[in-house]
Amino acid sequence: IATQRGYILEGVVMGLTDALRQQGFRPTENVDEDFPPIAGEYKAVVKAIRPEQTDGMKDRYLAQFKIVQTLSGDMADNRVLLRSYRIGGVKFDKSAVTEQEAVEAIKAMANDAMTCGVALDLSSDEALEDSLAGWLDKECYLRAWHFSPKDEPERKIQQFKVKREKDLRKASQDGAAGKTAQAPF
């Protein structure tokens, strides 16, 4: 319990670091809880879509998809997958994003939104950003997979594609329709 003079631990007022020493606390390294890559088909909801900036310049739009139901494959309920639509700045290889790459990123974002049932307004940059709000909380379907680069077999790279319900595999369509239920354990 915090007081004006420190903290009360077992009825004694002491400083915070004194309380840590009294408990025998020793710092340890953090351990990554590891989010293993997933593969399968999933029902998801768009939880966020927003522009992001670096050094005052808009360099990408970031979409956040939260899985609400595992339809087939690896159990992934409540997992979040992120999609970055890079329109400026630099790529992972440190080269600058070209104008054509930025245009392709906006096309990919508009296609993902359309697949979720949302038509983004592409009449101007401002109209585009205003129309992003229509994408929030929209249900969609994802097919997820992962791969390892040839030169780094221990590394796993997560990938996913936004899909329409009618394009799901048969087992996933049955799960989405409630005909089958995948056990949560």
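Every chain's residues receive numbers from 1 upward, in the order its sequence appears when written. Given that the model is predicted, a residue must reach a pLDDT of at least 70 before its local features are reported, and side-chain atom pairs must reach 80 or more before they are shown or counted; all residues, however, enter totals for whole chains, interfaces and linings. Side-chain numbers come from the whole structure's heavy atoms, not from hydrogens or water.

K.L.:
What's the story with the overall build of the protein chain in this structure? I'm lost.
P.N.:
Here a helix means four or more residues in a row that DSSP labels H or I, a strand means two or more in a row labelled E, and each is numbered from the N terminus. Counting its regular elements, the protein chain contains four helices and seven strands. Written out in order from the N terminus, the α and β elements of the protein chain read β-β-α-β-β-β-α-α-β-β-α. Burial classification: accessible surface area is computed with a 1.4 Å probe over protein chains only, and a residue below 20% of its type maximum counts as buried, one above 50% as exposed, and the rest as partly exposed. A buried classification covers 31% of the 185 residues belonging to the protein chain. Any two residues having at least one pair of non-hydrogen atoms within 4.5 Å are treated as being in contact. Restricting the contact set of the protein chain to residue pairs at least 6 apart, pairs at least 24 apart contribute 48%.

K.L.:
What exactly am I supposed to notice about a negative patch on the surface here?
P.N.:
Negative charge collects at one region of the surface, where D121, D125, E126 and D130 lie side by side. By the element assignment, D130 lies in helix α3 (residues 125–131). Each patch is built from residues that are more than 30% exposed by relative accessible area and take part in no salt bridge. Like charges join if they lie within 9 Å; nonpolar side chains (Val, Leu, Ile, Met, Phe, Trp, Tyr) join within 5 Å. Each accessible area value is a Shrake-Rupley result obtained with a 1.4 Å probe; residue values ignore everything except the protein chains displayed when judging cover. A pairing counts as a salt bridge when a side-chain nitrogen of Lys or Arg comes within 4 Å of a carboxyl oxygen of Asp or Glu. Positive charge is attributed to Lys and Arg, negative charge to Asp and Glu, and no charge count is given to His or to the chain ends. Note that the charge is assigned to NZ on lysines, CZ on arginines, CG on aspartates and CD on glutamates.

K.L.:
Help me understand the layout of surface pockets in this model?
P.N.:
Remark: the empty space left among the atoms is shown by a probe the size of a water molecule rolled over them. Reported here for the largest pocket is a volume of approximately 750 Å³. A 1.4 Å probe that fits but cannot get out identifies a cavity on a 1 Å grid over protein atoms alone, an open set with protein on both sides within 12 Å along at least five of seven lines counts as a pocket, and a residue lines either if it has an atom within 4 Å of a point. Lining the largest pocket are 26 residues, with L82, S84, F92, Q158 and Q159 sitting closest to its centre. Elements with a minimum of two residues in the lining of the largest pocket: β5 (80–86), α2 (99–115) and β7 (157–163). Grid points are joined across faces, edges and corners, and a volume is the space filled by probe spheres set on the points. In this structure, the second largest pocket occupies an estimated 200 Å³ of space. As for the second largest pocket, its lining consists of K58, Y61, I87, E99, A102, V103, I106, D125 and L128. Those elements giving two or more residues to the lining of the second largest pocket turn out to be β4 (57–73), α2 and α3. The dominant element in the lining of the second largest pocket, judged by the number of residues it contributes, is α2, at four residues. The class makeup of the residues in the lining of the second largest pocket is six nonpolar, no polar and three charged. Basically, the charged four are Asp, Glu, Lys and Arg, the nonpolar ten are Ala, Val, Leu, Ile, Met, Phe, Trp, Tyr, Cys and Pro, and anything else, Gly included, counts as polar.

K.L.:
Can you walk me through the packing of aromatic side chains in this structure?
P.N.:
Aromatic ring pairs: the centre-centre distance and the angle between the two ring planes describe each pair. Paired rings are identified among Phe, Tyr and Trp, the last through its six-membered ring, by centres lying within 6.5 Å, and are further divided according to the angle between planes into stacked (under 30 degrees), edge-to-face (over 60) and tilted (the rest). Taken as a whole and assessed by the stated rule, the structure comprises two aromatic pairs. Each ring, one from F65 and one from W135, has its centre 6.2 Å from the other, and the planes form 80 degrees; the classification is edge-to-face. With F65 in strand β4 and W135 in the loop between α3 and β6 (139–147), the pair connects residues that are 70 residues apart, well separated along the chain. Summarising the burial analysis for this pair, F65 and W135 share the class buried. Ring pairing ties together the aromatic residues F65, W135 and F160, which thus form one cluster. Any Lys NZ or Arg CZ that is within 6 Å of a ring centre and within 35 degrees of that ring's normal is treated as a charge sitting over the ring. When the ring centre of F160 is taken as origin, the NZ or CZ atom of R83, which lies over that ring, is 4.0 Å away.

K.L.:
Sorry if this is basic, but what is going on with the side chain of D59 here?
P.N.:
With respect to the element layout, D59 can be found in strand β4. The residues contacting D59, other than those within four sequence positions of it, are E52, Q53, T54, Y85, R86, I87, G88 and G89.

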